[in-house]
Amino acid sequence: MAAKNNVFTDKETINWFNASKALNVAKQGLTNFLDTQLQNVHAAVGRSCGNCPIEKLIPCPTNPYCNKKKRNYCPFHKSQKPQPCPTSDHVKQNIILQHRYHGPSWRNTRAENWAQDYWEIGKCFLPPDGYSHVCSVQESDFNGVISIMLNCLYFQTCLSLSCLSPPPPDKQCPLEKVIQFKIKSLMHIQYCVSFVH
Ligand SMILES: [Zn+2]
Ligand SMILES: [Zn+2]
């Protein structure tokens, strides 16, 4: 019981709650900015045909998607074989060029919706997994928002380079330092965003 009562007075726990609240507030603050800029990214990468799913646009085998255990069976391509589509391939290439590490998160995105939904383009810049069912910037978490801004080179045109290369986190306490690192990066970015308009 004592442990239960102490939960909300423990300094580290309070720090954790405050950090969590701060991340939430920060995410809310960045949502409109990211939403608007993703529409510009959408225009910059061009218009796909609107029919090709991502499986069709990725050759087989491609790591890490085609984890082939059987020689003639690929779980990733089981519903759709790779097939060239100049229009959609061009958009795909442009997304790769816009990605800081040239490794878009293809598993998150529904390429057949690229033509009409800028968020499906944005999802290519999220962490590799876990965001396929997130439907909008508003639904995304802080980690998703910050990942897009750091991974998509387009944001170099509206944020200063120093915002996009934050210092490495302190190694003493990984969890706390990661949060502080994110908050610092974010404050830096918010500071820079205030000069955008
Ligand atoms: Zn495959
Ligand atoms: Zn196509």
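Check the entry above for the structure.
Residues numbered from 1 in each chain as written. Chains lettered and ligands numbered in written order. Predicted model: local features only at pLDDT ≥ 70, side-chain atom pairs only at ≥ 80, totals over all residues.

With that out of the way, let us pick up the environment of Q116. Looking at where Q116 falls in the secondary structure, it is placed in the loop between helix 4 (86-98) and helix 5 (118-122). Judged by local crowding, Q116 falls into the exposed class, with 11 C-beta atoms found within 10 Å. In this structure, the C-alpha to C-alpha distance between Q116 and G50, residues 66 residues apart in sequence, is 7.7 Å. (Helix = DSSP H or I, 4+ residues; strand = E, 2+ residues; numbered from the N terminus. Buried ≥ 20, exposed ≤ 12 C-beta atoms within 10 Å, placed from the backbone.)

Before going further, it helps to spend a moment on unusual backbone geometry. Looking along the chain, the bond that leaves C60 and enters P61 is cis, with omega of 0°. Of note, the amide linkage connecting N63 to P64 takes the cis form, showing an omega dihedral of 0°. For P64, the location among the structural elements is in the loop between helix 3 (54-57) and helix 4. Backbone geometry places H102, a non-glycine residue, at a positive phi of 55°.

Let us now look at the nonpolar core. Core analysis: the biggest nonpolar cluster contains 31 residues, and L34, L38, I121, V145, I148 and M149 have the highest contact counts within it. Broken down by element, the residue count for this core peaks at seven residues, all from helix 2 (residues 11-45). Those residues within four positions of V145 in sequence are excluded, and the remaining contacts are K27, L30, L34, V137 and S140. (Core = buried A, V, L, I, M, F, W, Y, C linked by C-beta atoms within 7 Å. Contact = placed C-beta atoms within 7 Å.)

Time to look at the environment of F142. Relative to the assigned elements, F142 resides in helix 6 (residues 142-151). Overall, F142 belongs to the buried group, with 20 C-beta atoms counted inside 10 Å. The spacing of F142 and Q28 is 114 residues in sequence and 8.5 Å in space, taken between C-alpha atoms. When neighbours within four sequence positions are excluded, F142 is seen to be in contact with L23, N24, A26 and K27.

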